[in-house]
Amino acid sequence: MTTTPDAPAAAPPVLSVRNLVKHFPVRSRGLVRRQVGVVHAVCGVSFDLAERETLGLVGESGSGKSTTARALLNLQPATSGEVFYRGRELTRLSRGEMRALRRDLQIVFQDPYASLDPRLPVNEIVAEPLRIHGLYGDEGRTVVRDLLRTVGLKPEHGNRYPHEFSGGQRQRIGIARALALRPKVLVLDEPVSALDVSIQAGVLNLLDELQDELGLSYLFVSHDLSVVRHIADRIAVMYLGRIVETGTAEQLFASAAHPYTQALISAIPLPDPRKERARERITVVGDMPSPVNPPSGCRFRTRCPKFADELTEAERQVCVDDNPALVDRGQGHPAACHYAESRTLL
Amino acid sequence: MTPAGTGAEDVLGAGSMNGSAPPDGTVLEVEGLTVGFPSDEGLVRAVRGVSYTLRGGEVLGIVGESGSGKSVTSLAVMGLLPGNAQVTGSVRFRGQELVGASDATMTKIRGRRVAMIFQDPMTSLNPVYTVGFQIAETLLAHHDMTKAAALDRAAELLDTVRIPNARARLDSYPHELSGGMRQRVVIAIAMANDPDVIIADEPTTALDVTVQAQIMDALDVARRATGAAMVLITHDLGVIAGQADRVMVMYAGKPVESGTAEDIFYTPRMPYTLGLLGSLPRLDRASARLTPIPGAPPSVVNMPPGCPFSPRCPIAQPVCDETEPELTPTTSAEHTAACHFSAELAGREAHELFETTVSDADALAEFVRETEDQSS
Amino acid sequence: MFRRFLQHRLAVVSLCVLIALVLLAYVGSALWQYDFGEITPDNSQPPSLAHPFGTDSVGKDQFAQVLRGTQISLQIAVLVALFSTLIGTVWGSVAGYFGGLTDTILMRISDLVLTLPLLAVAAMLAQNFGGSWWLISLVIAGLYWAYVSRVSRGVVLSLREKEFIEAAKALGASDLRIIFRHLVPNALGSIIVNATILVAIAILLETSLSYLGFGVRPPDTSLGILVSEAQTALTTRPWLFYFPGLFIIVIALTINFIGDGLRDALDPQQTRVRQ
C-alpha cells in the first residue's frame, strides 16, 4: 500500500492519512482478560483531502470506514500510521495539543438522537464548543443565534431540548455545533443515514451550501453510494479495512475497475423502473468475512465473482498469496485488484 | 381500482365465507381500513382509510416514510396488532372477512395462506430451536407428513433460497447465521406452506446493499416457486422500482397516490410523490440539486382538516386546508392521486416546484463576520 | 427545573408533609410539655388531650417519644443516604468511566463488601462501637455504598458509550467537563431515586437493628425501638405501636415521592407529569 490517491489540485492537501491501522484486541471474559484475538478494523488506509473538497468514504458495515474517521480525529487512538493536518502529525500529539487542533477538525455523527446531550437546551449544545475553547465571550449569544438561523432553525426555539425536535432538525443542530468553531475539515459520519429521504435531501443541500460559503473540506463517510455520488468530488471504496478503489466520482461510476465496486454499484436499486429492470448486474455471494480473521491476499476473493468464475487456477493463487496494491493498472484510477478491468454498469 | 361496485362485492364477500376466490383472481381485498391507538393525547390515527386489491401473482409496493402507516396497515391485515388497537373497515382474503375474525380462523390463514416477512428476522425466529426444526414445525403444523419428510422438504427450501450446504444448515441455530442468512431462513419458512400472499415489511432495511440484492433475489425465487402475490412494504423507492407491478404511496396514514410503477415514477400526480422522487440522490446521473420537502409529516393525533400534505406543499391553495382530497383518477383510471390540483403537475419537474436552498444566507453571512477572527 | 418539580403534585404534597414532620420533630418536641425521657404519673393511658399518642407502661409520653424517635431515625436515614450515595457514586463512576484495571479492582472490592451478611456485620459492629445514632449510620453506610456503586457504574457505563459523550470529546472537552457537565446531570435521575430508596432502607434497617438490640440504646430512642418495644403490647396498648409505625411509613413514602418528582424534574424528556 505505497501508492496513495492524489488530490486533483496542485495545492498541498489539508489532511493526509498515511497507512492508518487500527486494531482492536479481542479479550477473554473473566478476571484476567487475556487477549485472544485482534479485530483488523482498519489496515493501512491512505488518502488525501484537499481544501474545499469532499471525499466520500464508502463501504458496508464492518468495512472500517467509521473507525477510520474516528482514528484520524484521535477519538480512538490509531494503532499505527500517520495523519497530517496542514503538515502537523496528529496521532502522536498529547491530549492538550490535540485539543487546540480540534477547533479545525470537527465531526457530525450518524445518530441525531444519541449525539446531542438530552439534558441541555439547544442554545447550550451549540454554545458548548465556544465555551470549551473560551470563545463564548460577549458575542457568543449572537453567534449561536446566527448559527441556528443558518441551519434553518428558529433561534427562539433555542431554549428547547433536543427531544422536542424532529430527526432532521436534530441533525441540523449537530451540524451547527460542529460549525461553531469555524473548522476547516468536517468529518461527516453517516450524517443522513438515520433520516427519511425527503429530510435527508435538506441536510445534503445544507452541507453543500455551507461548504461553498465556509470553504470546508468534507470527509463524508457513508454506506450509501447514491448519496456519496451526489455529494462527493472523489470517492474511496473500503472493504474489510482496506481501500479497494478510489477515483473521482465520474471515473468510479463510468468505469468501476474493482469487482467489489462493481458489485456495490449493481446492488443499489435505481428509482427508475425501466432502467432498473434492464440493468446488467455483477452480484456477489455470501457475507463479509469477520475482520477478526480476514482472508489472506486479496480480502475480497472469498466473495469475488471474478475469482470464482473467470480466473484460472494460477491466477487465483496470486489473489490468495498477494495483497493487491492500490495502483492504476490502466483504468485511469487506482484499484486494488490484480485483474482490474473497467466496467460500465449504469 | 376496485372492479365493479362495492355493494355487489359486499354481497359476494358475505356469501363466500368458505373461501372461494372472487372471479377476477383477487386474493386480498382491503377496503376502508382504519387503525387507531388510544393514547393520553387522543386517538393516534395511524391508518386513516386504506383500500387496495391484490391480484394473484402480482407485486404491490407500498412506499412511505416513517410514520406513514405502511407497516401498521399490514399488521392490521394479518391481525397482528396489539389488543388496544381499534380496527375498522374490511380485509378479505379470497372473499373471507379477516377483520374481527376469530383467533382460530386467523391462525389457519396466517402462515398457511398469508405469510409475513419482517425487517428483523429475529422477530420471527426462535433463538432456542434449530433452523431445521423451525421450518419442519411450520410444515407439520399445516400438513400431514412424517418428521423426516418435513426435514427433507426444509433442506429443499433452504436450497431454493440459495443457502449453501442447506442440509448442514438445518442443525444451525439462528444466532450462528448472519443477518442475510437469517432473512433467507425466514423466507424459506414463508414459502413452506405454499402461501397465496407474502407480505414483506422492509425485508432488507437492516441489511447491507450487497446482501440486500441477494435477499431480493431470494424473495423473487420464493414468489415464483409459490406463485404467491406479494405486498412489499419499503421506504426505498429503488427497491419498489425494481420489484413492484403496482405502487401505493402513503402519507400520514392514507394512500396519496396509486398506480403502476411507471405511472408513479414517470408521471407522478401528487406533489408529495414528486418531491420524494426529487429528493433522492441518484446513482445513475451526476448531481442535480435535490428538492427537500420542507417541514415534517404531521402528527396523526388530532389532525386538522384538509390535506395532510398542505403545510409542506408548494402548490397548496386555501381549499387544501378545508377539504381532504380523495384518490381520483388522473392519467388513467388505474392511476389515482389525492390532490385537488394534480392536473397542474403534468410535465412539471420537482425543482420547478420545491425550493432547493435550505440555509439562511443572511444568517450565514452574519456568522461568518462574527467568527472571522477565530477562523484565521 | 423548579417549575417542573412544582407540576409534580404528589411530590409537592410529600415535600410539604415532610417539612411539617421535620418541624414537628425538632421545633415541636422543644415546645412540647413533656421530655422524651420524662416519666409522667399517668401510665398506660390511651390517647387523650394531655397525651395525644397515649403513654406507655412506665408513664412516658408517647408523643414526645415518637418525636424524639423521628429525629433520630431521620438523622440516621439522611446520613446513610448521603454517605453511601456520595461514596458509592464516586466509586462506581470512576470505575465505569475509566474502565480497565481501575474498574476491575474497584468493583472486586465492592463485590466483596456486597457479600458480607449485612445484618450480622452491622449487628457485630454496632455492638462493639454502637449506641450512638451517627455510629449506626456510618455502619449502615459503610455496607450500603457498595450497592450504590454497582448501580452508578451501570449508569455511567451505558452513558459513556453514548455519542454525545464522544461528541464532547471531539469538541475538546476535558474529562472533568465531560463528567460534570454531561455524565453527572444525565446520571442524576437514577442517583436520586437510589438515594431515596436508601433513605427508606436505612430507616427499616435501623428498625431491625434496634429490634435486635444493636441499634440506638435506651434511654435514647428511635422509631425502630418504639415499634419493637410496642409489639408486646399490641393487643393491650395498640397506640404505642400504630403511631411510630405510621411515622415510619409516612417518612419512607414522602421521601420516595419527592425522589420521583426530582427525577422527573431533572429529565427534560419527561413531558407528561403524573397528577
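Residues numbered from 1 in each chain as written. Chains lettered and ligands numbered in written order. Predicted model: local features only at pLDDT ≥ 70, side-chain atom pairs only at ≥ 80, totals over all residues. Heavy atoms only, no water.

Draft legend 1. Quick look at the overall build of chain A. Counting its regular elements, chain A contains 12 helices and 10 strands. For a compact globule of 346 residues, the expected C-alpha radius of gyration is about 20 Å, and chain A comes in at 21 Å, within 12% of that figure. With 346 residues in all, chain A has 62% of them scored as buried. Counted over contacts in chain A with a minimum sequence separation of 6, partners at least 24 positions apart contribute 66%. For chain A, the exposed area adds up to about 12900 Å²; of that, 47% sits on carbon and sulfur atoms. Computed over 43 positive and 41 negative side-chain charges, the separation of the two mean positions in chain A equals 6 Å. (Helix = DSSP H or I, 4+ residues; strand = E, 2+ residues; numbered from the N terminus. Rg over C-alpha atoms; globule rule 2.2 N^0.38 Å. Buried < 20%, exposed > 50% of the residue type's maximum accessible area, 1.4 Å probe, protein only. Contact = heavy atoms within 4.5 Å. Areas by Shrake-Rupley, 256 points an atom, 1.4 Å probe, with all protein chains shown as cover. Lys, Arg positive; Asp, Glu negative; His and termini not counted. Charge placed at Lys NZ, Arg CZ, Asp CG, Glu CD.)

Draft legend 2. Main features of the overall build of chain B. Check the secondary structure of chain B and you find 14 helices and 12 strands. Computed over its C-alpha atoms, the radius of gyration of chain B comes to 23 Å, within 12% of the 21 Å expected for a compact globule of 376 residues. A total of 376 residues make up chain B; the buried ones form 54% of that total. Relative to all contacts within chain B whose residues are 6 or more apart in sequence, the contacts with residues 24 or more apart total 67%.

Draft legend 3. Examining the pattern of salt bridges more closely. Taken as a whole and judged by the stated rule, the model has 49 salt bridges over all chains. We note a salt bridge from Arg-113 of chain B to Asp-196 of chain B, for which the minimum N-O separation is 2.7 Å. Pair noted here: Arg-113 of chain B is in the loop between helix H3 (103–109) and strand S6 (114–117) and Asp-196 of chain B is in the loop between helix H7 (179–192) and strand S7 (197–201), with a separation of 83 residues, a long-range link. The class of Arg-113 of chain B is partly exposed, set by a relative accessible area of 30%. Sharing partners across several salt bridges, the network here consists of Glu-124, Glu-128 and Arg-131 of chain A together with Arg-177 and Arg-181 of chain C. (Salt bridge = Lys/Arg side-chain N within 4 Å of Asp/Glu carboxyl O.)

Draft legend 4. Structural detail: the sheet that holds strand S1 (residues 15–27) of chain A. All names here are of chain A. Reading across from one edge, S2-S1-S4-S5 is the order of the 4 strands in this open sheet, with antiparallel pairing throughout. Edge positions in the open sheet fall to strand S2 (35–49) and strand S5 (88–89), since each of these has one partner strand only. Across 11 bridges, S1 lies against S2 in antiparallel orientation. In the sheet register, Val-17 faces S2, and the bridge partner there is Phe-47. (Pairing = 2+ DSSP bridges.)

Draft legend 5. Just helix H8 (residues 175–211) of chain C, in detail. Residue and element names in this part refer to chain C. The terminal C-alpha atoms of H8 lie 47 Å apart, and with 37 residues this falls more than 12% below the ideal 54 Å at 1.5 Å per residue. Of all the bends in H8, the greatest reaches close to 50 degrees and is centred on Val-184; the proline Pro-185 follows between one and four positions later. Within two residues after H8, Gly-213 carries a phi angle of roughly 90 degrees, on the positive side. (Expected span 1.5 Å × (residues − 1). Bend = angle between axes of the 7 residues up to and from the residue.)

Draft legend 6. Structural detail: the interface of chain A and chain B. Every contact between the two is made by 62 residues of chain A and, on the other side, 59 residues of chain B. Summed over both sides, the interface of chain A with chain B buries roughly 5200 Å², with 55% coming from carbon and sulfur. Where chain A touches chain B, the interface holds 6 salt bridges. The partner of Arg-289 of chain B in a salt bridge is Glu-209 of chain A, and the shortest N-O contact between them spans 2.7 Å. Those elements that place two or more of their residues in the side of chain A that touches chain B are helix H4 (140–150), helix H5 (167–179), helix H6 (197–214), helix H7 (225–231), helix H9 (259–267) and helix H10 (273–278) of chain A. Counting residues per element, the side of chain A that touches chain B draws most heavily on H6 of chain A, at 14 residues. (Buried area = accessible area lost by both parts, 1.4 Å probe.)

Draft legend 7. Representation of the sheet that holds strand S9 (residues 246–251) of chain B. Residues and elements named next belong to chain B. Across the sheet, 8 strands lie side by side as S6-S7-S8-S3-S9-S10-S12-S11; this open sheet has mixed pairing. The open sheet has two edge strands, S6 and strand S11 (328–329), and neither has a second partner. Taken together, the 4 bridges between S6 and S7 define a ladder with parallel strand orientation. What sits directly across from Met-116, in S7, is Ile-199. Strands in contact with helix H2 (residues 70–77) are strand S3 (59–63), S6, S7, strand S8 (229–234) and S9; relative to S8, the strand with the most contacts, it is inclined by about 145 degrees. (Axes fitted to C-alpha atoms, helices over the stretch in contact; angles between N-to-C directions.)

Draft legend 8. Seen up close, the nonpolar core. Counting residues in hydrophobic clusters, the biggest one holds 78 residues, and the most contacted among them are Ile-175, Leu-210 and Ile-235 of chain A. Considering every element that reaches this core, the biggest residue donor is H6 of chain A, with 8 residues. If you look at the next biggest cluster of nonpolar residues, it comprises 73 residues, including Leu-177, Ile-189, Ile-198 and Phe-265 of chain B. (Core = buried A, V, L, I, M, F, W, Y, C linked by side-chain atoms within 4.5 Å.)

Draft legend 9. Spatial organisation of the pairing of strand S10 (residues 242–248) of chain A. All names here are of chain A. For S10, the buried fraction is high: 6 of the 7 residues fall into the buried class. Here 6 bridges tie strand S9 (residues 234–239) to S10, and the two strands are oriented antiparallel to one another. Bridging across to S10, Tyr-239 finds its partner in Arg-242. Turn length for the S9-S10 hairpin, with the two strands adjacent in sequence and antiparallel, is 2 residues, and the turn residue Leu-240 shows positive phi of about 45 degrees.

Draft legend 10. Just the environment of Leu-135 of chain C, in detail. All names here are of chain C. Of note, Leu-135 is situated in helix H6 (residues 133–160). What makes Leu-135 partly exposed here is its relative accessible area of 24%. For the pair formed by Leu-135 and Thr-236, sequence separation is 101 residues and the distance between their alpha carbons is 34 Å.

Draft legend 11. Geometry of the domain arrangement of chain B. Residues and elements named next belong to chain B. By domain assignment, chain B separates into domain 1 (8–244) and domain 2 (248–361). Taken together, the 27 residues of domain 1 in the interface contact 21 residues of domain 2. Note on domain 1 versus domain 2: buried area summed over both sides is about 1900 Å², and carbon and sulfur give 59% of it. Considering only the surface of domain 1 that becomes buried against domain 2, Arg-48, Glu-65 and Leu-237 emerge as the three largest contributors, covering 35% of it. Our count for the domain 1 to domain 2 interface comes out at 2 salt bridges. With a shortest N-O distance of 2.9 Å, Glu-324 and Arg-48 are connected by a salt bridge. Taken together, the connections running from domain 1 to domain 2 amount to 11 residue pairs in polar contact (both at pLDDT 80 or more). Those elements that place two or more of their residues in the side of domain 1 that touches domain 2 are strand S2 (42–55), S3, H2 and helix H9 (237–243). Residue contributions to the side of domain 1 that touches domain 2 peak at 12 residues, all from S2. Tallied by class, the residues present in the side of domain 1 that touches domain 2 amount to 13 nonpolar, 8 polar and 6 charged. (Domains from an automatic or database assignment. Polar contact = N/O pair within 3.5 Å; in protein donor to acceptor, adjacent residues only side chain to side chain. Nonpolar A, V, L, I, M, F, W, Y, C, P; charged D, E, K, R; others polar.)

Draft legend 12. Here's a closer look at the packing of H6 of chain C against H8 of chain C. All names here are of chain C. Orientation of H6 relative to H8, taken along the N-to-C sense of each, is 155 degrees, at an axis distance of 10 Å. With respect to H8, the element H6 is oriented roughly antiparallel. For the crossing formed where H6 meets H8, the hand is right-handed. Of H8, the residues touching H6 (which contributes Ile-136, Ile-140, Tyr-144, Tyr-147, Val-148, Val-151, Val-155, Val-156, Leu-159 and Arg-160) are Leu-183, Asn-186, Ala-187, Ser-190, Asn-194, Leu-198, Ile-201, Ala-202, Leu-205, Glu-206 and Leu-209. Looking at the contact of H6 with H8 residue by residue, the class counts come to 16 nonpolar, 3 polar and 2 charged. (Parallel < 35°, antiparallel > 145°, perpendicular 65-115°, else oblique. Left-handed = near helix turned anticlockwise from the far one by under 90°.)

Draft legend 13. A look at the pairing of strand S10 (residues 254–260) of chain B. All names here are of chain B. With 6 of its 7 residues buried, S10 lies for the most part within the structure. Where S9 meets S10, 6 bridges bridge the pair, whose relative direction is antiparallel. Among the inter-strand pairings, Tyr-251 is bridged to a residue of S10, identified as Lys-254. Pairing geometry for S10 and strand S12 (residues 336–337), over 2 bridges, is antiparallel. Of the residues in S12, the one forming a bridge with Ser-258 is Thr-336.

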